[in-house]
Amino acid sequence: MSHAADGPPGDQVSYGHQTHPHGSWTSKDAAAYWTPQRMAGAAGTDDRGDEQAAPAPQLAPTARHFDGIPSVGVLFSVDGEAREHHCTASVVHSPHGNLLLTAGHCNPGARAAFVPQYQSGADSQPFGVWAIDDTFAYSDRATTGAGADLDFAFATVAPDDRGRMIESVTGGNVLSDTPGYRNQVSVIGYPSAQSDPADRAVRCDARTSRLAGTRELRLDCGGFFGGTSGSPWLTNFDEHTQTGRIIGVIGGVNGGGPSGPHSDRVSYSPYFGKEIRSLYNRAVKESAQSAESTQKAQSAQNGQTAQSKPSKPSQQAQQSLQNQEPQQDPQDQQDPQSAPSGQGTDSSQGSPGTDNAQDTQDAQNSPDTQNTQNAQSTPSSGGGGGLL
């Protein structure tokens, strides 16, 4: 029920990059295709089981339905059979304000759309429909074995018909290294309508632990059915700006959760460290080159002879690229049973926009992490696991 890696995972990982011709698929095209009628009429599948899990005694917290937040939304695909939203994605702060984060097995395809704060059945979406033009993932990613630790991907989003970048409209969350296995997080996602007929965003605030025998995180909370792959795990979530720091996404082993009955009650996430930062840097670099190419093409169409320059990052983005000494948090060491021990401390000390995660070493192969430097964007307006 999940995409296999392009090749067997190994010590050397390689990038997979899908580039689509600029101008051939725009946000205006995406909005024209995914009309309210087409969204309502689409039928979908999910990647965490063929059927909705049967009711069970409530032994763990359950995610609650709510109206969502601007920086988190759904992915729709136009390739092949048009179907309902199949995965969740979120806006990540970046110099050019055009970057999304999702699960690697949620590969959006060549003609895909992102709908932030998706509202089922609405005549119009609160923050529009945005075309995805490039995607970035490791070719060694998988949902089994070592490749499951690379089950994350970035995508760049085309500007809307007013020339705005998505982050300037929705705000963005700061990508951060995972500080350790114990973290207080808010997880926000969109189950598919097939799995959850309410077809609304869900949110759960809970504490993470280690998935035994792996270098992945585990969250016990019901309600994360198929369609929620790619859902961000946010620390330092600010209820006013409705943004935070992303330290994980639903994904990894088996696409982000166990199979079988009640699979919605447990979710997994890869551990964020040097691998995701390397992929992020590549996506930022490629998006800068794409922006320059797009501007040159537009200049040529307008009969301009002056050489175009890449779009200038915002002041916030420029500040995020400066070398600053981050604050650090203490983080519990993990026991040799591959499970957390001790009382622990929340990983989210500080405020959004300041990456104060400390590099940690688990007693059993905890990944080395380095601090990620990013500034916080704020939305202009307040406000999973599926296959392609």
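How each quantity is defined
Residues numbered from 1 in each chain as written. Predicted model: local features only at pLDDT ≥ 70, side-chain atom pairs only at ≥ 80, totals over all residues. Heavy atoms only, no water. Helix = DSSP H or I, 4+ residues; strand = E, 2+ residues; numbered from the N terminus. Buried < 20%, exposed > 50% of the residue type's maximum accessible area, 1.4 Å probe, protein only. Areas by Shrake-Rupley, 256 points an atom, 1.4 Å probe, with all protein chains shown as cover. pLDDT = per-residue confidence, 0-100. Contact = heavy atoms within 4.5 Å. Polar contact = N/O pair within 3.5 Å; in protein donor to acceptor, adjacent residues only side chain to side chain. Pairing = 2+ DSSP bridges. Core = buried A, V, L, I, M, F, W, Y, C linked by side-chain atoms within 4.5 Å. Phe/Tyr/Trp six-rings, centres within 6.5 Å; stacked < 30°, edge-to-face > 60°.

*Asks:* How would you summarise the overall build of the chain if you had to cite specific residues and measurements?
*Replies:* Regarding its fold elements, the chain presents 5 helices and 16 strands. Looking at the 388 residues of the chain, the share that counts as buried comes to 56%. With an accessible surface of roughly 15,600 Å², the chain has 47% of that area assigned to carbon and sulfur atoms.

*Asks:* Let's hear about the confidence of the model for the chain: which residues, and what values?
*Replies:* Considering every residue of the chain, the mean pLDDT works out to 73; 58% of them sit at 70 or more. Of the regions scoring below 50 in pLDDT, residues 1-15 engages in 39 contacts with residues more than four places distant in sequence or in other chains. For residues 43-58, every residue scores under 50 in pLDDT, and the model assigns this stretch 55 contacts once sequence neighbours within four places are set aside.

*Asks:* Before we move on, could you go through the side chain of Ser186 and cite the residues and values that matter?
*Replies:* Structurally, Ser186 can be placed in strand β10 (residues 184-189). Judged by relative accessible area, which is 7%, Ser186 ranks as buried. A polar contact of 2.5 Å, which involves the side chain of Ser186, links it to the side chain of Asp205. In this structure Ser186 touches Arg203, Cys204, Asp205, Pro232, Trp233, Leu234 and Phe237, once residues within four positions along its chain are discounted.

*Asks:* Quick rundown of the sheet that holds strand β13 (residues 216-220)? Include the residues and the values.
*Replies:* Ordered by their spatial adjacency, 3 strands build an open sheet running β12-β13-β16, and the pairing between neighbours is antiparallel. Edge positions in the sheet fall to β12 (209-210) and β16 (266-270), since each has one partner strand and no second. Relative to β13, β12 runs antiparallel, the two being bridged by 2 bridges. Its bridge partner lying in β13, Arg210 is registered against Leu217.

*Asks:* I'd love a proper account of the nonpolar core, names of residues and values included.
*Replies:* In terms of nonpolar packing, the biggest core is built from 31 residues, with Leu101, Phe152, Phe154, Leu175 and Phe272 touching the most fellow members. Only β3 (72-77), β5 (99-102), β6 (112-116), β7 (130-138), β14 (232-238), β15 (243-249) and α4 (274-301) provide two or more residues apiece to this core. It is α4 that contributes the most residues to this core, 5 residues altogether. Listed in part, the 16 residues of the second largest apolar core include Ala89, Val91, Trp130 and Ile166.

*Asks:* Break down the packing of aromatic side chains for me, with residues and values.
*Replies:* Within this structure, the stated rule accounts for 6 aromatic pairs. Ring plane angle 65° and centroid distance 6.2 Å describe the contact between Tyr118 and Tyr190, whose orientation is recorded as edge-to-face. Taken together, the residues Tyr118 in the loop between β6 and β7 and Tyr190 in the loop between β10 and β11 (201-207) connect sequence positions 72 residues apart. Consider the rings of Tyr181 and Tyr271, whose centres lie 4.9 Å apart with planes at 65°: the pair is edge-to-face. You can see Tyr181 sitting in the loop between β9 (174-175) and β10 and its partner Tyr271 sitting in the loop between β16 and α4, a full 90 residues away along the chain. Neither Tyr181 nor Tyr271 differs from the other in exposure class; each is buried. Through pairs of rings, three or more aromatic residues link up here, namely Phe76, Tyr118 and Tyr190.

*Asks:* I'd love a proper account of the side chain of Ser90, names of residues and values included.
*Replies:* Within the secondary structure layout, Ser90 lies in strand β4 (residues 83-92). Among the residues examined, Ser90 registers a relative accessible area of 0% and is labelled buried. Excluding residues within four positions of it along the chain, Ser90 makes contact with Ser71, Val72, Leu99, Leu100, Leu101, Phe114, Asn173, Pro232 and Ile246.

*Asks:* Quick one: what's the story with the pairing of β13, residue by residue and with numbers?
*Replies:* In sequence, β12 turns back onto β13 through a hairpin of 5 residues, with Gly213 there showing a positive phi of about 80°. The sheet contact formed by β13 and β16 spans 5 bridges and is antiparallel. Bridged to Glu216 within β16 is Pro270.

*Asks:* Any details on unusual backbone geometry? Residues and values, ideally.
*Replies:* Positive phi, close to 45°, is recorded for Gln117, a residue that is not glycine. With respect to the helices, strands and loops of the structure, Gln117 is situated in the loop between β6 and β7. With relative accessibility at 6%, the residue Gln117 sits in the buried group.

*Asks:* Residues and numbers for the sheet that holds β15, please.
*Replies:* Spatial ordering of the open sheet is given by β2-β11-β10-β14-β15-β9, a layout of 6 strands whose pairing is mixed. At either end of the open sheet lies a strand with only one pairing partner, and these are β2 (64-66) and β9.

*Asks:* Please give an account of the environment of Thr208 that cites residues and values.
*Replies:* Structurally, the position occupied by Thr208 is in the loop between β11 and β12. Residue classification places Thr208 among the buried residues on the basis of a relative accessible area of 3%. Along the sequence, Thr208 and Ser269 sit 61 residues apart, while their C-alpha atoms lie 9.8 Å from each other. Those residues within four positions of Thr208 in sequence are excluded, and the remaining contacts are Tyr181, Arg182, Asn183, Val185, Arg218, Leu219 and Trp233. There is a polar contact of 2.7 Å between the side chain of Thr208 and the backbone oxygen of Tyr181.

*Asks:* Requested: an account of the pairing of β14, with residues and values cited.
*Replies:* Within β14, 6 of the 7 residues are buried, leaving the element largely enclosed by the surrounding structure. Here 2 bridges tie β10 to β14, and the two strands are oriented antiparallel to one another. Directly across from Val187, in β14, lies its bridge partner Trp233. In this structure, β14 lies alongside β15, joined through 5 bridges in antiparallel fashion. Its bridge partner being in β15, Pro232 is matched across the sheet by Val249.

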